[in-house]
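Each chain, letter by letter, is given below.
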Amino acid sequence: MSEEPAEIQLLKSQKAKLIEILRSDADFILQHADSRFLLSSEGYERVKSCCVPTEKVTELLDHIIQRGPKAAKGLLDLLKDEALYETFPRLRNMKDLQVNTLTPGKKKASRKTKRKTAADSQETISSKRKRNNEPRLVEEEQLMTVAGNIGKSWKAIGVKALGIPSVKLEQIEVDQRTHVDCVFAMLRYWRTSRREKATAAYLHTLLSEGDWALPPESLKVLLEEDSGGQAKEPAKVHDLNEPLIDHSEGQLFLNEAFKIIMEEVLCKGTDVKQKVCEWKEPEELAVLLDLELRATGEPPHRLLQRVRDVAKYSIKTSHPRFFNQQYAGVDYHALAGRFLTETLNTNLFTYEVAPVFVLMEMEVLRGLRQLVGWTEGDGIFCPGGSTSNMYAMNLARYRLFPQVKSQGLWGLPQLTIFTSSQSHYSVKKGAAFLGIGTDNVIVVKVDDGGRMIPEDLDEKIKVAKSQGAAPFLVSCTSGTTVQGAFDPLDRIADICEKHKLWMHVDAAWGGSVLFSKQRRHLMKGVDRANSVAWNPHKMLVAGLQCSVLLLQDTTNLLKQCHSANATYLFQQDKFYDVNLDIGDKSVQCSRKVDCLKLWLMWKAVGSTGLAERVDKAFMHVRYLVEQMKKREGFQLLREPEFVNVCFWFIPPSLRGKEGDADYQDRLAKVAPVIKERMVKQGTMMVGYQPLGDKVNFFRVIVFSPLVSQKDMDFFLDEIERLGNDM
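Visitor: Explain the packing of helix H19 (residues 385-400) against helix H21 (residues 426-433) to me, and be specific about the residues and the numbers.
Guide: Where H19 contacts H21, the axes come no closer than 9 Å and their chain directions differ by 50°. Here H19 is positioned oblique relative to H21, judged by the angle of their axes. H21 is crossed by H19, and the crossing has right-handed handedness. Taking contact as the criterion, the partners of Ser386, Asn389, Met390 and Met393 in H19 are, on H21, Ser426, Val427, Lys429, Gly430, Ala431 and Phe433. Looking at side-chain class alone, the contact of H19 with H21 contains five nonpolar, four polar and one charged residues.

Now the structure itself:
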């Protein structure tokens, strides 16, 4: 097999680096490549049609590589043209664009060639020396910094100070997305058009004079030169007189990043006219994002493009047509709390470092416990519902066998846990993690609706005892993951009291019905439980992550079970009440603040507002189910108890063929195909799964406060559109 031409090898090896460099002005490199006839007419149109700079450069390189070594050599020659260095200054530093570096076994160069190369080198060195004595041209990093300091009058400055035609400025405004992008594009246009005159000093002069003069402080970056006319070296690590972080630059970057977040995530990401996702295959996505981490940093404008790319290619979970998971939508008050939490960067373990959040977490937990029906108790925010369930297991075991904390599992009897066949998989994970063993998780039967059968629970507890095991915990579910079923808590509580077992309720999904007077009956008997796991980041839309473990216990069991009494944190002779140092209740040391988002949202809308969200979700589900029953091809798994609607879509080709031998096999393939189509087109997202002997069916989750009846109608129409040809 013949070896690939050296030019092709070289372009492929440098592709990622070239994409990263050339994306700063994709149209510029496209026009230059086309002027040298490196593209076919069809290829030019295909590349030109790409809207995203990274995609445009990727398509350009792929097309030229596909055209062969002649086109590849033409592009390599173009990339070494000094005319491009003003637009792409980093091309100067690419030392590996010489074909001979990739072609082994080449003949030695002739003496004449050597002399020519030497002469070229001398000329290059001479030109470098010449450049070093010339005034310094303004750099992209400087332009970006200045761009952030120019306000709404940027077009007037462009016309009056920089001499740019107003028509060009209008075009820039149309092409760019944010204010700083417009100003940066204007300054880059000025630099390109002025060529060797585009010095930092000259730009400083233009922007310092006249009615449009900018404050001196905003232009200081243009004067940062040493006596030789070179840019200052960045502060060295050992220079203790200079901080390593420039607050003004950082805050400018943050402001611009927030603008992108607002535009791409909170405006476009919640707009039904926009896509839920921009699907890319993993290999393509990796190139588009340029994930490689390097020794040197990048300028602000490039980092802002990174922010935009991350937003663009991420799934828009706040979109009204994201029905895929048990988190969706956005609450802006909770989001403000999330932003504030990240900015304050507090560790929630002692009152001295987190006074606000220690008191706030206690109050939020108290409010949630009251909804359960407890006037007293304990609790803690955990990193997810799975962890809450594991905490409950650990506490239940410690209550029975406190020596396990110091002596470990040695000498313990065979402990057993009981849970339904449709409970969350974290029950088994927790048993494995805690050394109890997944074989000691006894699965209890469920009825047709997915609810635990109390009689089977009682029988299995008796059997376990008769075999010498030590039952210690029953894990019930309020809102199972797939069907949204609620176990009968009152009847299970009777059995737990009878056998003296810890009763835990995994209400991570369904707990929010406790806010609703109309729906809280689904959890009747929850006040008899020992512990409850609840995720407000799900139905209440508090934002990931917001998970609590609530306890009826008043004996400080959490701290007894988990404390390590680290004296560097939990000194007992502090000047305030040391009971406010809550960190020893947790198995974590570093613990994120998760209460603020829920507290701020609860403050904003009140318990009444949160109840309205729950009730509205049920109303949307009722409407969706009614509409399904009116349409041919939609078959419900069962009438929904909660806001999980499980159904099959029967395409026309399968209707009336339920008796065929291959019917179930063919039906199982319908949901995966429709899912692939919707994701690749970006129209919406909904999950599917099998369950027991039931083949793949859809599970649509309806609870986002952004959802309307129009979205329910669209959902049904889209399922039909995507599946009717199957």
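Visitor: Give a description of helix H23 (residues 489-499) that names residues and reports values.
Guide: Taken together, the buried positions of H23 are Leu489, Ile492, Ala493, Ile495, Cys496 and His499. For H23, the arc enclosing every buried residue in end-on projection is 165°, short of the 170-degree limit, so these residues lie on one face. As for H23, its buried residues are in contact with helix H22 (454-466), strand E5 (470-477) and strand E6 (502-507). The positive-phi residue at the C-terminal boundary of H23 is Lys500, with phi of around 55°.

Visitor: Kindly report on the sheet that holds strand E1 (residues 322-323), identifying the contributing residues and their values.
Guide: In a beta sheet, neighbouring strands are held together by backbone hydrogen bonds and run either parallel or antiparallel to one another. Strand order in the open sheet formed by five strands is E1-E11-E12-E10-E9, and the pairing between neighbours is mixed. Either end of the sheet is taken by a strand with one partner, and the two such strands are E1 and strand E9 (634-636). Of the strand pairs in this sheet, E1 and strand E11 (residues 685-691) are connected by two bridges, and their pairing is parallel. From the neighbouring strand, Phe322 faces E11, where its bridge partner is Met685.

Visitor: Which residues make up a nonpolar patch on the surface, and what values do they have?
Guide: Judged by side-chain polarity, Leu254, Phe258 and Phe339 come together as a nonpolar surface patch covering roughly 250 Å² of accessible area. Along the chain, the position of Leu254 falls in helix H14 (residues 247-267). The exposure class of Leu254 is partly exposed, given its relative accessible area of 46%.

Visitor: So what about the pairing of strand E2 (residues 378-382)? Which residues, and what values?
Guide: Within E2, five of the five residues are buried, leaving the element largely enclosed by the surrounding structure. On E2, burial covers both faces: Asp378, Ile380 and Cys382 on one face and Gly379 and Phe381 on the other are all buried. Direction of pairing for E2 relative to strand E8 (residues 547-551): antiparallel, over a ladder of five bridges. Considered in E8, the bridge of Phe381 is made with Val548.

Visitor: How would you explain a negative patch on the surface if you had to name every residue and give the values?
Guide: On the surface, Glu658, Asp660, Asp662 and Asp665 cluster together into a patch of negative charge. Inspection of the secondary structure assignment puts Glu658 in the loop between strand E10 (644-649) and helix H26 (663-668). Accessibility expressed as a relative area gives 47% for Glu658, which makes it partly exposed.

Visitor: Break down the sheet that holds strand E3 (residues 415-420) for me, with residues and values.
Guide: Pairing within the open sheet is mixed, and its seven strands lie in the order E2-E8-E7-E6-E5-E3-E4. Looking at strand neighbours, the two that pair on one side only are E2 and strand E4 (441-444), the edges of this open sheet. Between one strand and the next, the sheet's axes are offset by a mean angle of 20°, whatever the strand orientation. Across four bridges, the pairing between E3 and E4 is parallel. Across the sheet, the residue bridging to Thr419 is Val443, located in E4. Of the strands in this sheet, E5 and E6 are in contact with H23, which crosses E6 at around 155°.

Criteria and thresholds
- Residues numbered from 1 in each chain as written.
- Predicted model: local features only at pLDDT ≥ 70, side-chain atom pairs only at ≥ 80, totals over all residues.
- Heavy atoms only, no water.
- Axes fitted to C-alpha atoms, helices over the stretch in contact; angles between N-to-C directions.
- Helix = DSSP H or I, 4+ residues; strand = E, 2+ residues; numbered from the N terminus.
- Parallel < 35°, antiparallel > 145°, perpendicular 65-115°, else oblique.
- Left-handed = near helix turned anticlockwise from the far one by under 90°.
- Contact = heavy atoms within 4.5 Å.
- Nonpolar A, V, L, I, M, F, W, Y, C, P; charged D, E, K, R; others polar.
- Buried < 20%, exposed > 50% of the residue type's maximum accessible area, 1.4 Å probe, protein only.
- Arc of directions from axis to C-beta.
- Pairing = 2+ DSSP bridges.
- Patch = residues over 30% accessible without salt bridge, like charges linked within 9 Å, V, L, I, M, F, W, Y side chains within 5 Å.
- Areas by Shrake-Rupley, 256 points an atom, 1.4 Å probe, with all protein chains shown as cover.
- Salt bridge = Lys/Arg side-chain N within 4 Å of Asp/Glu carboxyl O.
- Lys, Arg positive; Asp, Glu negative; His and termini not counted.
- Charge placed at Lys NZ, Arg CZ, Asp CG, Glu CD.

Purely spatial values, then, with no claim about function.
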